[in-house]
Amino acid sequence: MARVSIIMPVYNAEKYLREAIESVLKQTYLEFELLLINDRSTDNSKEICQEYSKKDSRIVFLENDSAIHGPGPTRNIGLDYAMGEYIYFMDADDWIEDCLLKCAVSRMQETNADIVQFGVIYEYSDGNNPEQYFWGGKDLLTKDKIKKDFSAYWKENRNSLWMYLFRREKVKTIRFENIIIGEDISYIMDALSNADKIAYIKKALYHYRYVEGSTSHRWVENTIECREIIWNHQLNFLKSFQGDMDKLAYAEVAYDNYIWAIYQLSSNLCTLSYREKKRELLRIKEAMGFEQYRAIYPLKLQHGIQKVKYMLVKYNLERLLLLFGPIFLRIVRGE
């Protein structure tokens, strides 16, 4: 049985798909299966997947021929077929370092962790220099340690699906939401809820390619509905800690989710009118019960320009961001 199941949803990715698959085949760790799940691609992605599945028995070609499509439901098909002891998710337009699987599996085994997180290199198509991120905190965390300093953990951590290797036993019952934005964050929150120990590798092993026109770089009609669903998964994560969690932790998570909703509504990509933006913001505020967190958030947790957006929200002035939209975009982004 394969030790690692790599799940890769594929939708119109022919431009970069071969590079993604080849980076898996170059892994120094050989005990893996690569599940390529085609989701109604209209380019040559399907043919590329079939070609590679015939070349290497470790590559399995699957199709999402159900009535439910998108990255979440397509990954769920991969989860239903996965046979590995560990689960890893990868996008079809990215690539990985040759040692990623070996480093992640070795770290998992030596620490007996439930999740291993490693770093990422962000690649830009406009020629800008790549940026990288990796965890800057302690090399190993338990749920108790996270609880003791939740603010530091929440501020430092990033929730990108392809930065994690999961122990299958801990995530075998988790499935992705059928939403177009945030299905990955929701899954990670559920995985963190089940995990007792998280280990870190302070190296950037994944290459994330910014692709124009992708879901993360365009306006999606039900964006705010997705934020509501994400919030519910974040709540479950907070409730997974033993004993009562400090209400400040709830406020930090609530502020981040609410401000991210404001950012998306304020973006120049958003096609809604000001009245529609106000309606959507009111919707998520009520769905989250945000008013119970507004006053208790301590502004001392933020600094510089980052503090401005939190201050506007704390003093109930976030509609200014909606009114002026892109003018305040740098503030909302925290730049």
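Thresholds, definitions, all that
- Residues numbered from 1 in each chain as written.
- Predicted model: local features only at pLDDT ≥ 70, side-chain atom pairs only at ≥ 80, totals over all residues.
- Heavy atoms only, no water.
- Helix = DSSP H or I, 4+ residues; strand = E, 2+ residues; numbered from the N terminus.
- Buried < 20%, exposed > 50% of the residue type's maximum accessible area, 1.4 Å probe, protein only.
- Contact = heavy atoms within 4.5 Å.
- Core = buried A, V, L, I, M, F, W, Y, C linked by side-chain atoms within 4.5 Å.
- Patch = residues over 30% accessible without salt bridge, like charges linked within 9 Å, V, L, I, M, F, W, Y side chains within 5 Å.
- Areas by Shrake-Rupley, 256 points an atom, 1.4 Å probe, with all protein chains shown as cover.
- Salt bridge = Lys/Arg side-chain N within 4 Å of Asp/Glu carboxyl O.
- Phe/Tyr/Trp six-rings, centres within 6.5 Å; stacked < 30°, edge-to-face > 60°.
- Lys NZ or Arg CZ within 6 Å of the ring centre and 35° of its normal.
- Arc of directions from axis to C-beta.
- Axes fitted to C-alpha atoms, helices over the stretch in contact; angles between N-to-C directions.
- Parallel < 35°, antiparallel > 145°, perpendicular 65-115°, else oblique.
- Left-handed = near helix turned anticlockwise from the far one by under 90°.
- Nonpolar A, V, L, I, M, F, W, Y, C, P; charged D, E, K, R; others polar.
- Right-handed = clockwise from strand over helix to strand, strands pointing away.
- Pairing = 2+ DSSP bridges.

K.L.:
Where do I start with the environment of T111 in this structure?
P.N.:
Here T111 lies in helix α4 (residues 100–111). Residue class for T111 comes out buried when judged on its relative accessible area of 11%. Setting aside chain neighbours within four positions, we find T111 in contact with L140, K197 and A199.

K.L.:
How do you make sense of the nonpolar core when you look at a structure like this?
P.N.:
Within soluble globular proteins, side chains that are nonpolar generally end up buried alongside one another. Counting residues in hydrophobic clusters, the biggest one holds 105 residues, and the most contacted among them are V4, Y88, F150 and F166. No other element matches the eleven residues that helix α10 (residues 247–266) contributes to this core. Residues in contact with Y88, not counting those within four places in the same chain, are V4, S5, I6, I7, I96, L100, F118, W162, Y164, L165 and Y206. Membership of the second largest hydrophobic core comes to five residues, among which are I179, I181, V220 and I229.

K.L.:
Help me understand the side chain of S23 in this model?
P.N.:
Looking at where S23 falls in the secondary structure, it is placed in helix α1 (residues 14–25). Owing to a relative accessible area of 5%, S23 belongs among the buried residues under this scheme. Ignoring anything within four residues of it in the chain, the contact list for S23 reads M90, W95 and I96.

K.L.:
Which parts of the structure should I look at to understand unusual backbone geometry?
P.N.:
Peptide bonds are mostly trans, and most non-glycine residues show a negative phi. Look at N12: it is not a glycine, yet its phi comes out positive at around 45 degrees. With respect to the element layout, N12 can be found in the loop between β1 (4–10) and α1.

K.L.:
Explanation requested: a nonpolar patch on the surface in the structure shown.
P.N.:
On the surface, a nonpolar cluster with roughly 640 Å² of combined accessible area is contributed by Y274, M311, Y315, L317, L320, L323 and F324. No other element matches the three residues that helix α14 (residues 319–324) contributes to the nonpolar patch. Structurally, Y274 can be placed in helix α11 (residues 274–288). Judged by its relative accessible area of 32%, Y274 is partly exposed.

K.L.:
Just to check I follow, could you spell out the packing of aromatic side chains for this structure?
P.N.:
Aromatic rings in a pair are described by how distant their centres are and how their planes are angled relative to each other. The tally for this structure, following the rule as stated, stands at 27 aromatic pairs. With centroids separated by 6.4 Å and ring planes inclined at 50 degrees, the aromatic side chains of F150 and Y153 adopt a geometry described as tilted. Taken together, the residues F150 and Y153, both in helix α6 (residues 150–156) and three residues apart, mark about one turn of the helix. Look at F150 and you get buried, because its relative accessible area is 4%. Since its relative accessible area comes to 3%, Y153 is described here as buried. What links up through ring pairs into an aromatic cluster is the set W135, F150, Y153, W154, Y200, F237 and F241. The ring of Y52 carries K55 above its face, with NZ or CZ at 5.1 Å from the centroid. Taking the ring centre of F176 as reference, the NZ or CZ of R75 above it sits at 5.2 Å.

K.L.:
Would you explain helix α2 (residues 45–55) in this entry?
P.N.:
Structural remark: α-helix, 3.6 residues per turn; residues separated by three or four positions point the same way. When we look at burial in α2, the residues that qualify are S45, I48, C49 and Y52. Each buried residue of α2 sits inside an arc of 100 degrees when the element is viewed along its axis, so together they form one side.

K.L.:
I tried to follow the packing of α10 against α11 on my own but got confused; where do I start?
P.N.:
Axes are the key here: two packed helices are described by the angle between their axes and the distance separating the axes. The geometry of α10 relative to α11 is characterised by a closest axis approach of 10 Å and an angle of 165 degrees between their N-to-C directions. If you check the angle between α10 and α11, you find them roughly antiparallel. Between α10 and α11 lies a crossing of right-handed hand. Along the contact surface, α10 presents A254, N257, Y258, A261, I262 and L265, while α11 presents K277, E280, L281, I284, K285 and M288. Tallied by class, residues from the contact of α10 with α11 come to eight nonpolar, one polar and three charged.

K.L.:
Would you take a moment to explain the pairing of strand β2 (residues 32–38) for this structure?
P.N.:
The two faces of the sheet receive side chains in turn, since in a regular strand these alternate between them. Within β2, seven of the seven residues are buried, which leaves the element mostly enclosed by the surrounding structure. Burial along β2 is two-sided: F32, L34, L36 and N38 facing one way and E33, L35 and I37 facing the other are all buried. Note on the crossover from β1 through α1 to β2: the handedness is right-handed. The sheet contact formed by β2 and strand β3 (residues 59–63) spans five bridges and is parallel. Counterpart to L36 in the pairing with β3 is F61. As for the winding sense of the linkage, the β-α-β connection from β2 through α2 to β3 is right-handed.

K.L.:
Even after reading the chapter, I still don't get the pattern of salt bridges, so can you show me in this structure?
P.N.:
It is possible for side chains of opposite charge to pair when their charged atoms get near one another. Tallying each qualifying case throughout the model produces 20 salt bridges. Taking the shortest distance from any N to any O, the salt bridge between E51 and R18 comes out at 2.9 Å. Taken together, the residues E51 in helix α2 and R18 in helix α1 connect sequence positions 33 residues apart. Exposure remark for E51: the relative accessible area of 26% places this residue in the partly exposed category.

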